[in-house]
Amino acid sequence: MGRSFDGKPSLGLRAIVAGTIALVAAGLTLIGGITASITAKAMLEREIGGSLAGIAHSMMQKLDHDMWHRAVQVAVLSRLESIRDPAQAQRLIDELTQRDPTLAWAGVTDASGTVTAGSRGILVGRDISARPVHAEGLKGPFIGDVHDAVTLANLLPNPTGEPMKFVDVSAPLRDATGKAAGVLALHYSWTWARQAIATLAQPYADLQGLAVYVVSADRHIILGPDGSFGGELDLATLKTISKVKPGWGVETWPDGVSYVTGAAPSTGVMDFPGFGWTVIVRQPAAIAFAPAATLQHGFLIAGLVFVVLFSAVGWFAAGLIARPLERIAEAAGRLRR
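Remember, predicted model here, so these are calculated numbers, not experimental data.

**Some points on helix H3 (residues 132-139)**
- Among all positions of H3, only Val133, His134 and Gly137 are buried. Axial view of H3: buried residues confined to an arc of 95 degrees, hence all on one face.
- In this structure, the buried residues of H3 make contact with strand S1 (103-110), strand S3 (142-147), strand S4 (166-174) and strand S5 (180-189).

This is the structure in structure tokens:
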């Protein structure tokens, strides 16, 4: 250690140089590390939020395309001449019902709304003229939103015991003059949507806490975790997303938990405009953003390690710089004495 001119011990030049190097390194590392960690964290959070919005978009496209394909199928079948003959219509309907497990009921009506053929003979001879599936189907191709059907639900098998919901697809049956002579009407069980969502969600089973909702145009839940059906979701994310593009946000849900919320609106397919549904995919923010927090901590730890290593290098470098100067200072002191 060097000494002052009055003979008292002084802070070594080496310590001063090393301390200066350490302070400069710590300052630069602190500024650069914090800036880089915040930027990287924000980018990763955007990627995570965007991925949830992308999942929601894929699911919404699946629902839209499924409904459109059903509408096309019914439109093609309604043009078959054989469908206007009750006996042949019954055979065709029985085969459709057997082959498609999501088809809850299919039927043919005459112009007055009386069912002339139906799945398992259900509703045959009954008047359904007041129901939208017939009334709207006489006017042209019709796709009905999710609804209850108490009479039909009581007549159909229901192994799960859950309330049955349906979506309708119908098309007019026209005679040789082009006049509507009846309607081909199909009721699809809403379970097809749950199955479609479950299939698309399977690859993301490792995403802890992931939940999927489908909400109607009036923001009521029409598909979601058990017990959520019929509830209303008044979320800021639903109000801010574009009507044609998916989006995401972080907000607190009614249960008080903060979730990363991805949402995708229905955009329809071809001539099917969609129902105005929105698919929502959420994940607790603490879980979703855990990788971002880990990345930020990694940046800070790496910065601290860098400061320690740079300080050690600075200590040895300071020794090389300070040693000749200390010898000169000691020689000057001896000359003074």
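Here the narrative resumes, following the displayed structure.
**A short note on the confidence of the model for the protein**
- Confidence along the protein averages 81 in pLDDT terms, with 77% of residues attaining 70 or more.
- The least confident element of the protein is helix H4 (residues 150-155), whose mean pLDDT is 67; the most confident is strand S2 (residues 115-118), at 93.
- This stretch, residues 1-11, has a pLDDT under 50; its non-local contacts, to residues over four places away or in other chains, come to eleven contacts.

**As for unusual backbone geometry**
- Positioned with a positive phi, arginine 120 is a non-glycine residue whose angle comes to about 60 degrees.
- Within the fold, arginine 120 resides in the loop between S2 and H3.
- Since its relative accessible area comes to 48%, arginine 120 is described here as partly exposed.
- Phi angles above zero are rare outside glycine, and arginine 219 is one such case at about 70 degrees.
- Along the chain, arginine 219 turns up in the loop between strand S6 (211-215) and strand S7 (221-223).

**Looking at the sheet that holds S1**
- Reading across the sheet, the five strands line up as S2-S1-S5-S4-S3 and stay open at both edges, with antiparallel pairing between neighbours. Only two strands of the sheet have a single neighbouring strand rather than two, namely S2 and S3. Along the sheet, successive strands turn relative to each other by an average axial angle of 20 degrees, direction set aside.
- Direction of pairing for S1 relative to S2: antiparallel, over a ladder of three bridges.

**Quick look at the packing of aromatic side chains**
- Scanning the entire structure with this criterion turns up six aromatic pairs.
- On the numbers, 5.4 Å between centres and 75 degrees between planes, the contact of phenylalanine 272 with phenylalanine 275 is edge-to-face. The same class applies to phenylalanine 272 and to phenylalanine 275, which are both buried.
- Between phenylalanine 275 and tryptophan 277, the ring centres sit 4.8 Å apart and the planes meet at 40 degrees, which makes this aromatic pair tilted.
- A relative accessible area of 15% places phenylalanine 275 in the buried class.
- A relative accessible area of 1% means that tryptophan 277 is categorised as buried.
- An aromatic cluster is built from Trp190, Trp192, Phe272, Phe275 and Trp277, whose rings are joined through pairwise contacts.
- Lying across the ring of tryptophan 253, arginine 282 places its NZ or CZ 4.5 Å from the centre.

**So, the side chain of threonine 109**
- Structurally, the position occupied by threonine 109 is in strand S1.
- There is a polar contact of 2.9 Å between the side chain of threonine 109 and the side chain of histidine 134.
- Not counting chain neighbours up to four residues away, the residues in contact with threonine 109 comprise Thr114, Val115, Thr116, Ile128, His134, Leu173, Ala181, Gly182 and Val183.

**Some thoughts on the pairing of S5**
- In terms of residue burial, S5 counts as a mostly covered element, since nine of its ten residues are buried.
- Taken together, the seven bridges between S1 and S5 define a ladder with antiparallel strand orientation. Note that in S5 the partner of threonine 109 across the bridge is valine 183.
- Connecting the antiparallel pair S4 and S5 is a turn made up of five residues, with glycine 178 showing a positive phi of about 90 degrees.

**Quick word on the pattern of salt bridges**
- Tallying each qualifying case throughout the model produces three salt bridges.
- A salt bridge links glutamate 95 to arginine 99; its shortest N-O distance comes to 3.0 Å. Residue glutamate 95 and its partner arginine 99 are located together in helix H2 (residues 86-99), separated by four residues, close to a single helical turn.
- Given the relative accessible area of 66%, arginine 99 is considered exposed.

**Comments concerning the nonpolar core**
- Membership of the largest hydrophobic core comes to 47 residues, with the highest contact counts inside it found for Leu63, Trp190, Trp277 and Val279.
- The greatest single-element share of this core, amounting to eleven residues, is contributed by helix H1 (residues 13-77).
- Those residues in contact with tryptophan 190, other than ones at most four positions away along the chain, are Val146, Lys165, Phe166, Val167, Ile222, Leu223, Phe229 and Trp277.
- One finds Ala104, Ile122, Leu152 and Val183 within the second-largest nonpolar core, a separate group that totals 13 residues.

**Notes on the sheet that holds strand S9 (residues 258-265)**
- With antiparallel pairing, the five strands of this open sheet are ordered in space as S7-S6-S10-S9-S8. Each of the sheet's edge strands pairs with one partner strand only, and the pair in question is S7 and strand S8 (247-252). Each adjacent strand pair in this sheet contributes to an overall mean axis angle of 35 degrees, direction not counted.
- Note: S6 against strand S10 (residues 278-284), five bridges, orientation antiparallel. Opposite valine 215, over in S10, you have threonine 278 as the bridge partner.

The rules behind these values
Residues numbered from 1 in each chain as written. Predicted model: local features only at pLDDT ≥ 70, side-chain atom pairs only at ≥ 80, totals over all residues. Heavy atoms only, no water. Buried < 20%, exposed > 50% of the residue type's maximum accessible area, 1.4 Å probe, protein only. Helix = DSSP H or I, 4+ residues; strand = E, 2+ residues; numbered from the N terminus. Arc of directions from axis to C-beta. Contact = heavy atoms within 4.5 Å. pLDDT = per-residue confidence, 0-100. Pairing = 2+ DSSP bridges. Axes fitted to C-alpha atoms, helices over the stretch in contact; angles between N-to-C directions. Phe/Tyr/Trp six-rings, centres within 6.5 Å; stacked < 30°, edge-to-face > 60°. Lys NZ or Arg CZ within 6 Å of the ring centre and 35° of its normal. Polar contact = N/O pair within 3.5 Å; in protein donor to acceptor, adjacent residues only side chain to side chain. Salt bridge = Lys/Arg side-chain N within 4 Å of Asp/Glu carboxyl O. Core = buried A, V, L, I, M, F, W, Y, C linked by side-chain atoms within 4.5 Å.

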